[in-house]
Amino acid sequence: PPQEVETLFDWDFDSLEHSHEELQTFLFQMFCELGLIDEFKIPVPSLRKFLQKVDSLYFENPYHNFYHAFDVTQMLMVFISCTQLAALLSPLDKLALLLSGICHDLEHPGTNNNFQNNALTPLAYFYNDHSALENHHCAKAFALMTGDTELNILRGLTKPQYRDMRKKIISCILATDMTHHFGFVQRLKARLETKIDVDIHSQTDLQLLLETLMKAADICNPIRAFPIAYKWAERVNAEFKAQVQREEAEGLPKSMELTTLPQSQINFIVFVTEPLFSLISQVIPEFRRASTVMHQNLRLWRRCQEGTSSAQELAAMSTNDFIRDCLTPRSQRKQLPILKVVPDVAAAAPKTLRILPPFNPAAASKPGTPGSAGSGGTPTSVSRHSPSSLPFSTPGP
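Here the structure is a predicted model, which means the values were calculated and not measured. (Residues numbered from 1 in each chain as written. Predicted model: local features only at pLDDT ≥ 70, side-chain atom pairs only at ≥ 80, totals over all residues. Heavy atoms only, no water.)

### A word on the overall build of the chain
Along its length, the chain carries 20 helices and 2 strands. Evaluated residue by residue, the chain yields a buried proportion of 58% over its 397 residues. Accessible surface, the chain as shown: approximately 16,700 Å² in total, 54% of it carbon and sulfur. (Helix = DSSP H or I, 4+ residues; strand = E, 2+ residues; numbered from the N terminus. Buried < 20%, exposed > 50% of the residue type's maximum accessible area, 1.4 Å probe, protein only. Areas by Shrake-Rupley, 256 points an atom, 1.4 Å probe, with all protein chains shown as cover.)

Set out below in structure tokens:
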């Protein structure tokens with residue numbers, strides 16, 4: 001139905017409110033909306049069976065499960081449909097991103113790479129302690145997509161198309177290894193500091209862009225409305241706690257230091273999410289909306305940590321109320337992307353992304369506006385630290 005399709009383009013879609021069957025249907029609709037079924041001759045029965053099989057291969061972890069896979073894929077759908085990327089990326093690029101999101105955590109065991117390496121698991125042995133989980137997710141994805149004839153959704157691609165798409169999917173999924181996050185952010189920062197427009201015709205620039213989008217979608221929880229972000233924060237905290245308990249029980253080195261839920265989210269936004277999204281907003285202006293929401297979430301988590309607010313009470317507000325308060329004043333709202341597919345007339349746009357000055361959410365909001373990033377006396381500028389100075393270990397998704 002049109003109303004359901006419209007939700008696929010919502011920055012604040014809440015996948016946790018839907019059943020597995022509904023999410024499978026939504027994923028199928030994404031392929032339809034992007035025209036990928038006709039473009040690449042994807043057999044409809046095979047696609048439906050593929051999505052069902054993918055669902056079954058995600059374990060019932062608190063966080064790294066089918067819901068997370070859908071959440072990441074839906075955010076990728078927003079990125080490639082509701083921004084200028086709709087006109088810049090090719091159908092093959094969009095197919096690669098969609099499949100990367102769907103498959104990026106296949107058979108995730110609920111523990112990170114540090115655990116795999118320290119516990120000397122079969123995955124660590126097989127992949128020589130190098131991005132064991134991401135390599136496994138990738139290998140499993142291609143075994144699934146090309147092994148069984150009934151599930152082979154790629155048989156309509158030409159050999160050059162298949163080789164190109166395989167390369168893109170592998171690099172996108174491997175890019176989600178958080179062990180390399182800070183190095184990736186530095187590489188992206190160095191590229192943008194050249195002040196040369198990002199050229200989609202350049203394979204180097206294109207691959208960097210696709211990996212950046214994949215990484216952004218993988219850590220997108222803090223850019224969703226607080227009521228949604230809170231639910232994901234609880235889930236990831238539960239999974240990390242279970243890992244630490246298991247490490248203690250098995251006599252393994254601890255992969256992370258647990259802290260309060262608000263502090264863990266403050267750390268994640270300040271050191272992980274904000275630096276990446278700040279850079280992306282320099283080339284994709286629509287991402288400034290995400291940065292504004294993220295800084296409001298940061299402000300709310302700080303209030304929770306200080307004890308002036310309850311996370312549960314803040315999470316009880318409606319998503320619409322949060323977004324309305326967060327994105328005021330009205331003059332600012334008009335600059336935000338409409339949650340619809342970019343019109344086809346944009347197809348004639350140049351194949352470049354112009355590098356813009358860094359975005360300051362505080363400057364974009366009127367001081368003192370209720371819910372704005374600059375209100376309440378809370379600092380809105382986020383300092384950047386080197387990985388060596390981090391106050392916590394960053395677990396990989």
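### Section: helix α18 (residues 319-326)
Note that an α-helix has 3.6 residues per turn; residues three or four places apart therefore point the same way. All buried positions along α18 are accounted for by Phe 322, Ile 323 and Cys 326. Seen along its axis, α18 keeps its buried residues to an arc of 95 degrees; they face one direction. (Arc of directions from axis to C-beta.)

### Here we look at the pattern of salt bridges
Counted by the stated rule, this structure contains 14 salt bridges. Linking Asp 12 and Arg 289 is a salt bridge whose minimum nitrogen-to-oxygen distance equals 2.8 Å. One end of the pair, Asp 12, is in the loop between α1 (2-7) and α2 (20-33); the other, Arg 289, is in helix α16 (residues 287-306), with 277 residues separating them in the sequence. The closest approach of N and O atoms between Lys 231 and Glu 17, which form a salt bridge, is 3.0 Å. In this pair, Lys 231 sits in helix α14 (residues 226-250) while Glu 17 sits in the loop between α1 and α2, placing the two residues 214 residues apart along the sequence. A relative accessible area of 25% places Lys 231 in the partly exposed class. With relative accessibility at 56%, the residue Glu 17 sits in the exposed group. Each of the salt bridges in this network shares a partner with another, and the network as a whole consists of Asp 14, Glu 17 and Lys 231. (Salt bridge = Lys/Arg side-chain N within 4 Å of Asp/Glu carboxyl O.)

### Points about helix α12 (residues 181-192)
Spanning 12 residues, α12 covers 17 Å between terminal C-alpha atoms, matching the ideal 16 Å at 1.5 Å per step. Buried within α12 are the following residues: His 181, Phe 182, Phe 184, Val 185, Leu 188, Arg 191 and Leu 192. In the core, the buried residues of α12 are packed alongside β1 (198-199), α13 (203-218) and α15 (261-280). (Expected span 1.5 Å × (residues − 1). Contact = heavy atoms within 4.5 Å.)

### Overview of the side chain of Glu 211
Summarising the element assignment, Glu 211 is placed in helix α13. For Glu 211, a relative accessible area of 11% puts it in the buried group. Within the local environment of Glu 211, its side chain forms a polar contact with the side chain of Arg 187, the two groups lying 3.4 Å apart. Those residues in contact with Glu 211 that lie beyond four places of it in its chain are Ser 171, Cys 172, Ala 175, Phe 184 and Arg 187. (Polar contact = N/O pair within 3.5 Å; in protein donor to acceptor, adjacent residues only side chain to side chain.)

### Some details on the packing of aromatic side chains
Two aromatic rings are characterised by how far apart their centres lie and by the angle between their planes. Taken as a whole and assessed by the stated rule, the structure comprises 14 aromatic pairs. Between Phe 13 and Phe 70, the ring centres sit 5.5 Å apart and the planes meet at 45 degrees, which makes this aromatic pair tilted. You can see Phe 13 sitting in the loop between α1 and α2 and its partner Phe 70 sitting in helix α5 (residues 66-81), a full 57 residues away along the chain. Centroid distance Tyr 58 to Phe 66: 6.2 Å. Interplanar angle 55 degrees. Geometry classified as tilted. Here Phe 66 falls in the buried class, since its relative accessible area comes to 2%. A connected cluster of aromatic rings, assembled from ring pairs, spans Trp 11, Phe 79, Phe 277 and Phe 287. (Phe/Tyr/Trp six-rings, centres within 6.5 Å; stacked < 30°, edge-to-face > 60°.)

### A few points about the nonpolar core
Core analysis: the largest hydrophobic core is formed by 119 residues, its most contacted members being Phe 31, Phe 50, Phe 79, Leu 99 and Leu 213. The contacts of Phe 50, once residues within four sequence positions are left out, are Leu 99, Ile 102, Cys 103, Leu 144, Met 145, Leu 151 and Ile 153. (Core = buried A, V, L, I, M, F, W, Y, C linked by side-chain atoms within 4.5 Å.)

### Examining the environment of Val 198
Position of Val 198 relative to the elements: it lies in strand β1. Distance in space between the C-alpha atoms of Val 198 and Leu 209 is 8.5 Å, their sequence separation being 11 residues.

### Side note on the packing of α12 against α15
For the pair α12 and α15, interaxial distance at closest approach is 10 Å and the crossing angle is 20 degrees. Taken as axis vectors, α12 and α15 run roughly parallel relative to one another. In this structure, the crossing between α12 and α15 has a hand that is left-handed. On α15, the residues touching His 181, Phe 182, Phe 184, Val 185, Leu 188, Lys 189 and Leu 192 of α12 are Phe 271, Val 272, Pro 275, Leu 276 and Leu 279. Considering only residue class, the contact of α12 with α15 consists of 10 nonpolar, 1 polar and 1 charged. (Axes fitted to C-alpha atoms, helices over the stretch in contact; angles between N-to-C directions. Parallel < 35°, antiparallel > 145°, perpendicular 65-115°, else oblique. Left-handed = near helix turned anticlockwise from the far one by under 90°. Nonpolar A, V, L, I, M, F, W, Y, C, P; charged D, E, K, R; others polar.)

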